[in-house]
Amino acid sequence: QVQLVESGGGLVQAGGSLRLSCAASGRTFSNYVMGWFRQAPGKERVFVAKISRTGITTAYASSVLGRFTISGDKAKNTIFLQMNNLRPEDTAVYYCVAGSGDYSRPQFDGGRWGQGTQVTVSA
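Residues numbered from 1 in each chain as written. Predicted model: local features only at pLDDT ≥ 70, side-chain atom pairs only at ≥ 80, totals over all residues. Heavy atoms only, no water.

S.K.: I'm lost on the state of the cysteines in this one. Help?
M.R.: Two cysteines, two sulfur atoms, one covalent bond between them: this is a disulfide. Per the stated rule, a full pass over the model turns up one disulfide. Disulfide pairing places C22 opposite C96 at an S-S distance of 2.1 Å. Note on the C22 and C96 pair: the S-S dihedral is about -75°, so by sign convention the disulfide is left-handed. Here the residue C22 occupies a position in strand β3 (residues 18–25), and C96 occupies one in strand β9 (residues 92–100), the gap between them amounting to 74 residues. Side by side, C22 and C96 carry an identical accessibility label, which is buried. (Disulfide = S-S within 2.5 Å. Helix = DSSP H or I, 4+ residues; strand = E, 2+ residues; numbered from the N terminus. Buried < 20%, exposed > 50% of the residue type's maximum accessible area, 1.4 Å probe, protein only.)

Structure below.
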């Protein structure tokens, strides 16, 4: 089983940038469809981005398209989420997940999740 540890969260002003990391161990992330989700206070956890096993194909929630970029480094067995032009509404706990199944419909609900990292964006 893969284990995931997120890092890189913090406090940033609106318009700033952060890069989140998701370090995988136990298995290489290329065995999975990898994704980022976020959960704001009092709200459900929602999809942010995903990347295919090959690292070639990516997809984003409309709310982050053009501002966030998901990528992977196989040598480091780590997935990244580069977040630019951050907004207060991006404030949330961000989770990394390893899902099985097809890229088009990955099984994230039954996947392996990290513990999350807090991102806070001040106005």
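The rest of the description comes next.
S.K.: Quick question: what am I supposed to make of unusual backbone geometry here?
M.R.: Peptide bonds are trans in most cases, and residues, glycine excluded, mostly fall at negative phi. Positive phi outside glycine occurs at N77, with the angle close to 50°. Here N77 lies in the loop between β7 (68–73) and β8 (78–83). Assessed through its relative accessible area of 14%, N77 is described here as buried. Positive phi, normally seen in glycine, also occurs at N85, with a value near 50°. Relative to the helices and strands, N85 is located in the loop between β8 and β9. With a relative accessible area of 43%, N85 lands in the partly exposed category.

S.K.: Please explain the pattern of salt bridges as it appears in this structure.
M.R.: Here the idea is simple: oppositely charged side chains can pair when their charged atoms come close. Summed over the entire model, instances satisfying the criterion amount to two salt bridges. Put simply, R38 and D90 hold a salt bridge, and the shortest N to O gap is 2.9 Å. Taken together, the positions of R38 in strand β4 (residues 33–39) and D90 in the loop between β8 and β9 put the pair 52 residues apart, joining distant regions of the chain. One exposure class covers both R38 and D90, and it is buried. Here R67 and D90 are joined by a salt bridge, their closest N and O atoms 2.8 Å apart. (Salt bridge = Lys/Arg side-chain N within 4 Å of Asp/Glu carboxyl O.)

S.K.: Sorry if this is basic, but what is going on with the nonpolar core here?
M.R.: In summary, soluble globular proteins display a tendency toward joint burial of nonpolar side chains. Ranked by size, the top nonpolar core spans 29 residues in total, and within it M34, W36, L81, M83 and Y94 carry the most contacts. Taken together, the elements giving at least two residues each to this core come down to β3, β4, β5 (45–51), β7, β8, β9 and β11 (117–122). (Core = buried A, V, L, I, M, F, W, Y, C linked by side-chain atoms within 4.5 Å.)

S.K.: Which parts of the structure should I look at to understand the sheet that holds β8?
M.R.: Within a sheet, adjacent strands bond to each other through the backbone by hydrogen bonds, running parallel or antiparallel. Here four strands make up an open sheet; going across it, the order is β1-β3-β8-β7 and the pairing antiparallel. Looking at which strands have only one partner, the edges of the open sheet turn out to be β1 (3–7) and β7. The sheet shows a mean angle of 15° between the axes of neighbouring strands, direction not considered. Here β3 runs beside β8; their pairing, made up of six bridges, is antiparallel. (Pairing = 2+ DSSP bridges. Axes fitted to C-alpha atoms, helices over the stretch in contact; angles between N-to-C directions.)

S.K.: Is there a simple way to explain the environment of G72 in this structure?
M.R.: Relative to the helices and strands, G72 is located in strand β7. Overall, the relative accessible area of 41% leaves G72 in the partly exposed class. When the C-alpha atoms of G72 and I51 are compared, they prove to be 8.2 Å apart, with 21 residues separating the residues in sequence. With sequence-adjacent residues up to four places away left out, G72 is seen in contact with F29, I51, T78 and I79. (Contact = heavy atoms within 4.5 Å.)

What is shown is where atoms sit, not what they do.
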